[in-house]
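Architecture and fold: a report
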Amino acid sequence: MAGSKPEIGAKIVLDGAEEYQRSLKEVANAQKDLNKEIKLAESEFKKTGDAQQLYNEKVRLLNAQMDNQKKKLETAQKALKELSDKGVDKNSDLWRKWNGILLDSQTKMNNIQAELNSTTAAIKDTADATEQVTQATERATQETADYSETLKSIDKGVKFSNILQGFEKIGGAIKGVITTAFSMGKALLQTQLSGGDW
């Protein structure tokens, strides 16, 4: 043909080319499904505000993404091994294509692992903050009970200073609950802001 460049050398064909392409297509389709599930989880969080549920779902989906990327990585490794066994030059387009797929998959796995680490830390922070609110609420309940006992004993000649101390204890306990709840909300907001894209 006029104007076309002559092909130099033999064309390299991978024995497992169809299998490799099918595997990559399956990975891409699975990734699309996971992205839809991620959007659903985010919309559920907006509806319910249940951060713990969001984090648990996020961990599940990130693990699924990790498995997906491992399949892609394994496919690229198989293709590169076959190319190496056939003595294909590492500077060839085919080698660079599969090596690029391998590197892309490794990069995505690193990013997914970082996101898993961040989400796991957020789950721990949420659990810790919830425990702090629970403890502060229990302290406030105990202080209220103590104050109630103080009020009951007024009839028995308890001093007015005991009543004031009771109010101070209740106020301190309520302040502790509010401070802890505020810290929990702040931690959740920071986690959401630092979460970025999945």
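Every value quoted in this text rests on a predicted model; they were computed, and no experiment measured them.

Description of the nonpolar core
- Membership of the largest hydrophobic core comes to 22 residues, with the highest contact counts inside it found for Leu 80, Leu 83, Trp 98 and Leu 116.
- Those elements giving two or more residues to this core turn out to be helix H1 (17-48), helix H2 (51-85) and helix H3 (93-152).
- It is H2 that provides the largest number of residues to this core, a total of 10 residues.
- Judged by nonpolar contacts, the second largest core, of five residues, contains Leu 34, Ile 38, Ala 41 and Leu 54.

Examining the confidence of the model for the chain
- For the chain, the mean per-residue pLDDT works out to 77, and 70% of the residues sit at or above 70.
- For the chain, per-element mean pLDDT is lowest for helix H4 (residues 160-195), which scores 66, and highest for H2, which scores 89.
- The low-confidence segment residues 1-10 (pLDDT under 50) makes zero contacts with residues lying over four places distant or belonging to another chain.

A closer look at the packing of H1 against H2
- With their axes 10 Å apart at the nearest point, H1 and H2 run at an angle of 170 degrees to one another. With respect to H2, the element H1 is oriented roughly antiparallel.
- Partitioned by chemical class, the residues of the contact of H1 with H2 number 13 nonpolar, nine polar and nine charged.

Each value, and the rule that gives it
Residues numbered from 1 in each chain as written. Predicted model: local features only at pLDDT ≥ 70, side-chain atom pairs only at ≥ 80, totals over all residues. Heavy atoms only, no water. Core = buried A, V, L, I, M, F, W, Y, C linked by side-chain atoms within 4.5 Å. Buried < 20%, exposed > 50% of the residue type's maximum accessible area, 1.4 Å probe, protein only. Helix = DSSP H or I, 4+ residues; strand = E, 2+ residues; numbered from the N terminus. pLDDT = per-residue confidence, 0-100. Contact = heavy atoms within 4.5 Å. Axes fitted to C-alpha atoms, helices over the stretch in contact; angles between N-to-C directions. Parallel < 35°, antiparallel > 145°, perpendicular 65-115°, else oblique. Nonpolar A, V, L, I, M, F, W, Y, C, P; charged D, E, K, R; others polar.

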